[in-house]
Amino acid sequence: MVFKVYYQPTKKINPRRENTESLYLEADSEPEARVLVESNTEYNVEFIEELSDAALEYEKESPAFKLTEF
């Protein structure tokens, strides 16, 4: 499954919507995706969304789409 992870780049600053970034990640479940991001980065994870097939195809059209591997 592919998940879209919304995060703040640092845990040291209060979260602001304007600073929210995202990455795409393959994992077996949402908890596994959270563990992968939190154990490999200093990001402050806000939300993790499982992408449906249609949503994934839409996201792939974006030039910013890239699967993150840890």
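That block above? That's the structure.
Computed from a prediction, not measured in an experiment: that's the story for all the values here.

Parameters at a glance
- Counting of residues starts from 1 at the beginning of each chain's written sequence and follows it residue by residue.
- At least 70 in pLDDT is required for a residue's local features to be given in this predicted model, at least 80 for side-chain atom pairs to be given and counted, and no such filter applies to totals for whole chains, interfaces and linings, which use all residues.
- Only hydrogens and water are removed before side-chain values are computed, so all heavy atoms of the structure are retained for them.
- By definition, any uninterrupted DSSP run of H or I lasting at least four residues is a helix, any uninterrupted run of E lasting at least two residues is a strand, and each is numbered from the N terminus.
- As a reference, a globule follows 2.2 Å times the number of residues to the power 0.38, and the radius of gyration itself is taken over C-alpha atoms.
- Buried, partly exposed and exposed residues are distinguished by accessible area as a fraction of the type maximum, computed with a 1.4 Å probe on protein chains only: under 20%, between the cut-offs, and over 50%, respectively.
- Whether two residues are in contact is decided by their heavy atoms: any pair within 4.5 Å suffices.
- Whenever Lys or Arg places a side-chain nitrogen within 4 Å of a carboxyl oxygen from Asp or Glu, that contact is recorded as a salt bridge.
- Only Phe, Tyr and Trp rings take part, Trp by its six-membered ring, and two of them pair if their centres are within 6.5 Å. Stacked means planes under 30 degrees apart, edge-to-face means over 60, and tilted covers everything else.
- The pairing criterion is simple: DSSP has to find at least two bridges between the two strands.

Caption draft 1: Spatial organisation of the overall build of the protein chain. Of the regular secondary structure elements, the protein chain holds 2 helices and 4 strands. What you see in the protein chain, going N to C, is helices and strands ordered as β-β-α-β-α-β. Relative to the globule expectation of 11 Å for 70 residues, the C-alpha radius of gyration of the protein chain, 12 Å, shows essentially globular dimensions. Taken along its principal axes, the extent of the C-alpha atoms in the protein chain is 35 × 25 × 15 Å. Buried residues in the protein chain amount to 26% of all 70 residues. Taking the contacts inside the protein chain whose residues are at least 6 apart along the sequence as the reference set, 60% of them involve residues at least 24 apart.

Caption draft 2: Region of the structure containing the pattern of salt bridges. Counted according to the given criterion, the structure contains 3 salt bridges. In this structure, the salt-bridge partner of Glu59 is Lys4, at a minimum N-O distance of 3.2 Å. Taken together, the residues Glu59 in helix H2 (residues 53–60) and Lys4 in strand E1 (residues 2–8) connect sequence positions 55 residues apart. According to the relative accessible area criterion, Glu59 is buried, its value standing at 14%. Note on Lys4: relative accessible area 10%, which makes it buried.

Caption draft 3: Region of the structure containing the packing of aromatic side chains. Counted according to the given criterion, the structure contains 3 aromatic pairs. Geometrically, the ring pair formed by Tyr7 and Tyr43 is stacked, given 3.9 Å between the ring centres and 15° between the ring planes. Taken together, the residues span a long stretch of sequence, with Tyr7 in strand E1 and Tyr43 in the loop between helix H1 (30–40) and strand E3 (44–50) at a distance of 36 residues.

Caption draft 4: Looking closely at the pairing of strand E2 (residues 21–26). Looking at chain direction, E1 and E2 are connected through 6 bridges and run antiparallel. Among the inter-strand pairings, Lys4 is bridged to a residue of E2, identified as Tyr24. Pairing of E2 with strand E4 (residues 67–68), which is carried by 2 bridges, proceeds in the parallel orientation. Bridge assignment links Tyr24 to a residue of E4, and that residue is Leu67.

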